[in-house]
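Understanding the architecture of this molecule
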Amino acid sequence: MNPRTLPLLATLGVFLLAYALCALQFPAMLSTRVVANLLTDNAFLGIVAVGMTFVILSGGIDLSVGSVIAFTGVFLAVTIRAGLDPVAGFILVLAITTAFGAVMGAMIHYLETPPFIVTLAGMFLARGVCFLMTTDSIPIDHPVYDTLTGLSWRIPSGGRLSLIGGVMVLVFIAGIVLAHRTRFGTAVYGLGGNRTSAELMGVPVARTTILIYALSSGLAGLAGIVFSLYTSAGYSLAATGVELDTIAAVVIGGTLLTGGVGTVAGTFLGVMIQGLIQTYVIFDGTLSSWWTKIVIGGLLFAFIVFQRGLVHMAARRREAARLATGMPVVSPAG
Amino acid sequence: MIRKTLLAGVALAAGLMAAGAAGAADLTIGFSQIGSESGWRAAETTVSKMEAEKRGIDLKIADAQQKQENQIKAIRSFIAQGVDAIFLAPVVATGWDSVLEEAKDAEIPVVLLDRTIDTKDDSLYLTAVTSDTVYEGRVAGEWLAKTVGDKDCKIVELQGTVGSSPAINRKKGFDEAIAAHSNLSIVRSQTGDFTRTKGKEVMESFIKAENGGKDICAVYAHNDDMQIGAIQAIKEAGLKPGTDILLVSIDAVPDIFKAMAEGEANATVELTPNMAGPAFDAVIAFKENGTVPPKWIQTESKLYLPDTAQAEYERRKDLGY
């Protein structure tokens, strides 16, 4: 079996098993309403997780995304209150967040600073700017918002696929195409697999790194727009810790934290698993909500062990191949 | 599933016997709680569970860990589950319209607990159960005016966090109550940020400024925690709290009852953690007879004095404060 698809299959298995167990206890969880809720309620997490998948695939990390979501919400709330048209606000904020990510990417590449430090600084910066703009929760009250939040497709038997849920699905499809069907996608995988050999093979490292972080921040901006539609408000303390939930979703989705291996589709399942656990806890109604974190933590551990095992197995297989042919193998790990 | 139904049935039977046939016919209610950031909040959760059990209601509690997105998710899940009513203690005032519209479409009544929301459309919720913080201040002021009588009394005030609505309202109510009595006057007023340490610090400076505390007749604190800090400061200044200086505060947490039982505080006004009780009753009446409750249900702001302090302390200490 191809070790690249094995983590994805494992994630799919966990998701299906978990859903089956949930449905067994609460048959209502099979309703279209719950499925639609999973998409709507996790829309912002899903969108930002697509960007994070590219970052982690390239061997990096982006801690700034939660703060960028909050920044986007507060920025929109403040500018719309001041009279700016929401659509203009969307374009403006996407430009700002994308540029912000590009600057972080450039710093990571040209200053040779670890992504962890650069994006940590970005996280503090974006969160700080929120508080500079306002410390209150500002409601967004605009006809455009009313229209956008009202847009939904009613599925028979009560479910509603909202606009934001639909946006998330589209972002995932675009992410899958970008990762597997474009030169940029190949470059990202190459960079994460083995940076030196990627460079030797002519991957434009500087451009790719800047684009990766620009993409991640830009998607965080889009997630921020979705979040502001979700809550109809901008709040400086919104989306705290979302960067960690996102990283968890990506890893549970089968992407190696060391980079080079993983899929965008797996990330989708990772997001859905998190949403599913949360839904189960609420359906039960007696469990502490912290069980969500506990189960996610347990799953993360399990997946990390599983992935190390796969890497180890792959290395042994290569070693066996090298011995058999007497040729050195230079292909990257994974 | 069967075990749950059975348990619910037993609880229902017990509830019926205890409450004299309140008749909550198998209601399931989802409660989206903010979190457990304060002792009061934890007590509210505990009391909500107890009140639900009394009425045989199946209460599902979702702790949002201080996040609005978690509260919205919880409300959506409750709707998907088809609960009979949803209780919401909103973490922020804004951004509830779209999810509450979904609840309305699904014909699930929503009751706000302890805080209200900003919305143009107040048909989105059935009723709000909150305390009247202005009234709490008034109860404290009236008690002091009655206790002091005709004597002159210089009051020092420990305010809550600047700009917070309970601080503004508790000051307003107290001021209104003592306005009619010219012998009562607030000589000093400063914020203690609702915390013990700040309450103690501010009280120490008051004592220094007022002739070593001898000129102070009473302390009015916007919450019990600051008052407990003030008690400490008064003791350290060599005065007897509760005797040399009268002490009245608001909230009714267990520690203030302990102080009252020891004679170190004189009165407290309760901010009841039982917001769910009246909400359950409103929902039951609405479901069974179609009685539409008023848009605002005000909880009782009861005054507690040292005579019941020991018993109240015993009653409250296990509520999770």
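Residues numbered from 1 in each chain as written. Chains lettered and ligands numbered in written order. Predicted model: local features only at pLDDT ≥ 70, side-chain atom pairs only at ≥ 80, totals over all residues.

**Some words on the overall build of chain B**
- In terms of regular secondary structure, chain B is built from 11 helices and 12 strands.
- A compact globule built from 321 residues would reach a C-alpha radius of gyration of about 20 Å, and chain B, at 22 Å, matches this within 12%.
- With the C-alpha coordinates of chain B rotated into their principal frame, the extents come out at 70 × 40 × 35 Å.
- Split into buried and exposed, the 321 residues of chain B put 51% on the buried side.
- Counted over contacts in chain B with a minimum sequence separation of 6, partners at least 24 positions apart contribute 76%. (Helix = DSSP H or I, 4+ residues; strand = E, 2+ residues; numbered from the N terminus. Rg over C-alpha atoms; globule rule 2.2 N^0.38 Å. Buried ≥ 20, exposed ≤ 12 C-beta atoms within 10 Å, placed from the backbone. Contact = placed C-beta atoms within 7 Å.)

**Structural notes on the overall build of chain A**
- Helix and strand counts for chain A stand at 14 helices and four strands.
- Scaling as 2.2 N^0.38, a compact globule of 334 residues should have a C-alpha radius of gyration of about 20 Å, and chain A matches this with 21 Å.
- Counting only C-alpha atoms, chain A reaches 70 × 50 × 35 Å along its principal axes.
- Here chain A holds 334 residues, and the buried ones make up 50% of them.
- Taking all contacts inside chain A whose residues are at least 6 apart in sequence as the whole, residues at least 24 apart take part in 79%.

**Side note on the environment of Glu53 of chain B**
- Topologically, Glu53 of chain B is positioned in helix α2 (residues 39-55).
- Taking C-alpha positions, Glu53 of chain B is 26 Å from Tyr304 of chain B, a pair spaced 251 residues apart along the chain.

**Points about the domain arrangement of chain B**
Residues and elements named next belong to chain B.
- Taken domain by domain, chain B holds domain 1 (26-131 + 272-290) and domain 2 (133-270).
- The interface is formed by four residues belonging to domain 1 together with five residues belonging to domain 2.
- Its residues assigned to classes, the side of domain 1 that touches domain 2 comprises one nonpolar, three polar and no charged. (Domains from an automatic or database assignment. Nonpolar A, V, L, I, M, F, W, Y, C, P; charged D, E, K, R; others polar.)

**Looking at the nonpolar core**
- Core analysis: the biggest nonpolar cluster contains 139 residues, and Ile47, Val48, Ile69 and Val226 of chain A together with Val111 of chain B have the highest contact counts within it.
- When residues of this core are assigned to their parent elements, the largest contribution, 15 residues, is made by helix α11 (residues 205-231) of chain A.
- Judged by nonpolar contacts, the second largest core, of 45 residues, contains Ala43, Leu158, Met226 and Ala309 of chain B. (Core = buried A, V, L, I, M, F, W, Y, C linked by C-beta atoms within 7 Å.)

**Remarks on the confidence of the model for chain B**
All names here are of chain B.
- Taken over all residues, the pLDDT of chain B has a mean of 89, while the share at 70 or more is 92%.
- Per-residue pLDDT stays below 50 along residues 1-23; that stretch engages in 19 contacts with residues further than four places along the chain or on separate chains.
- The ipTM value of the predicted complex is 0.82, and its pTM value is 0.81. (pLDDT = per-residue confidence, 0-100.)

**Examining helix α3 (residues 43-57) of chain A**
Residue and element names in this part refer to chain A.
- Helix length check: α3, at 15 residues, gives a terminal C-alpha distance of 21 Å against a target of 21 Å (1.5 Å per residue), a fit within 8%.
- Of all the bends in α3, the greatest measures close to 25° and is centred on Val50.
- The element α3 is largely enclosed, with a buried count of 15 among its 15 residues.
- Just downstream of α3 lies Gly59, where phi reads positive at about 90°. (Expected span 1.5 Å × (residues − 1). Bend = angle between axes of the 7 residues up to and from the residue.)

**Considering the sheet that holds strand β5 (residues 127-130) of chain B**
All names here are of chain B.
- Across the sheet, which stays open at both edges, the six strands sit in the order β2-β1-β3-β4-β5-β11 with parallel pairing between neighbours. Either end of the sheet is taken by a strand with one partner, and the two such strands are β2 (58-63) and β11 (296-298). Adjacent strand axes in the sheet meet at a mean angle of 20°, parallel and antiparallel pairs treated alike.
- The pairing of strand β3 (residues 85-88) with strand β4 (residues 110-113) spans three bridges and is parallel. From the neighbouring strand, Ile86 faces β4, where its bridge partner is Val110. (Pairing = 2+ DSSP bridges. Axes fitted to C-alpha atoms, helices over the stretch in contact; angles between N-to-C directions.)

**Regarding the interface of chain A and chain B**
- Between chain A and chain B, the contact holds 21 residues from the first and 23 residues from the second.
- Elements represented by at least two residues in the side of chain A that touches chain B include exactly α2 (32-41), α11 and α13 (264-284) of chain A.
- Tallied by class, residues from the side of chain A that touches chain B come to eight nonpolar, 11 polar and two charged.

**Things to note about the sheet that holds strand β9 (residues 246-251) of chain B**
Residues and elements named next belong to chain B.
- Ordered in space as β7-β6-β8-β9-β10-β12, the six strands form an open sheet in which the pairing is mixed. Here the strands that pair on one side only, and so sit at the sheet edges, are β7 (184-191) and β12 (303-304).
- Where strand β8 (residues 218-221) meets β9, four bridges bridge the pair, whose relative direction is parallel. Bridge pairing in β9 links Ala221 to Ser249.

**Considering the environment of Phe44 of chain A**
All names here are of chain A.
- Position of Phe44 relative to the elements: it lies in helix α3.
- Residue classification places Phe44 among the buried residues on the basis of 32 C-beta atoms within 10 Å.
- Residues Phe44 and Gly221 lie 177 residues apart in sequence; the distance between their C-alpha atoms is 9.7 Å.
- Those residues in contact with Phe44 that lie beyond four places of it in its chain are Ile69, Ala223, Val226, Phe227 and Tyr230.

**Side note on the pairing of strand β6 (residues 153-159) of chain B**
Residues and elements named next belong to chain B.
- The element β6 is largely enclosed, with a buried count of six among its seven residues.
- By the bridge criterion, seven bridges tie β6 to β7 in an arrangement that is parallel. Note that in β7 the partner of Val156 across the bridge is Arg188.
- Regarding topology, helix α6 (residues 165-179) serves as the crossover connection from β6 to the parallel β7, and that connection is right-handed. (Right-handed = clockwise from strand over helix to strand, strands pointing away.)

**Looking at unusual backbone geometry**
Residues and elements named next belong to chain B.
- The phi torsion at Asp193 lies on the positive side, around 60°, for a residue other than glycine.
- Mapped onto the secondary structure, Asp193 falls in the loop between β7 and α7 (196-209).
- The exposure class of Asp193 is buried, given the 21 C-beta atoms found within 10 Å.

**What about helix α9 (residues 254-261) of chain B?**
- Turning to α9 of chain B, its buried residues are Asp255, Ile256, Phe257, Ala259 and Met260 of chain B.
- In this fold, the buried residues of α9 of chain B make contact with α8 (224-236), β9, β10 (267-270) and α11 (309-316) of chain B.

**Thoughts on the packing of α2 of chain B against helix α10 (residues 276-289) of chain B**
Residues and elements named next belong to chain B.
- Orientation of α2 relative to α10, taken along the N-to-C sense of each, is 35°, at an axis distance of 9 Å. Judged by the sense of rotation from one axis to the other, the crossing of α2 with α10 is right-handed. When α2 is examined against α10, the residues Val47, Ser48, Glu51, Ala52 and Arg55 are found in contact with a partner set consisting of Ala276, Gly277 and Phe280. (Left-handed = near helix turned anticlockwise from the far one by under 90°.)

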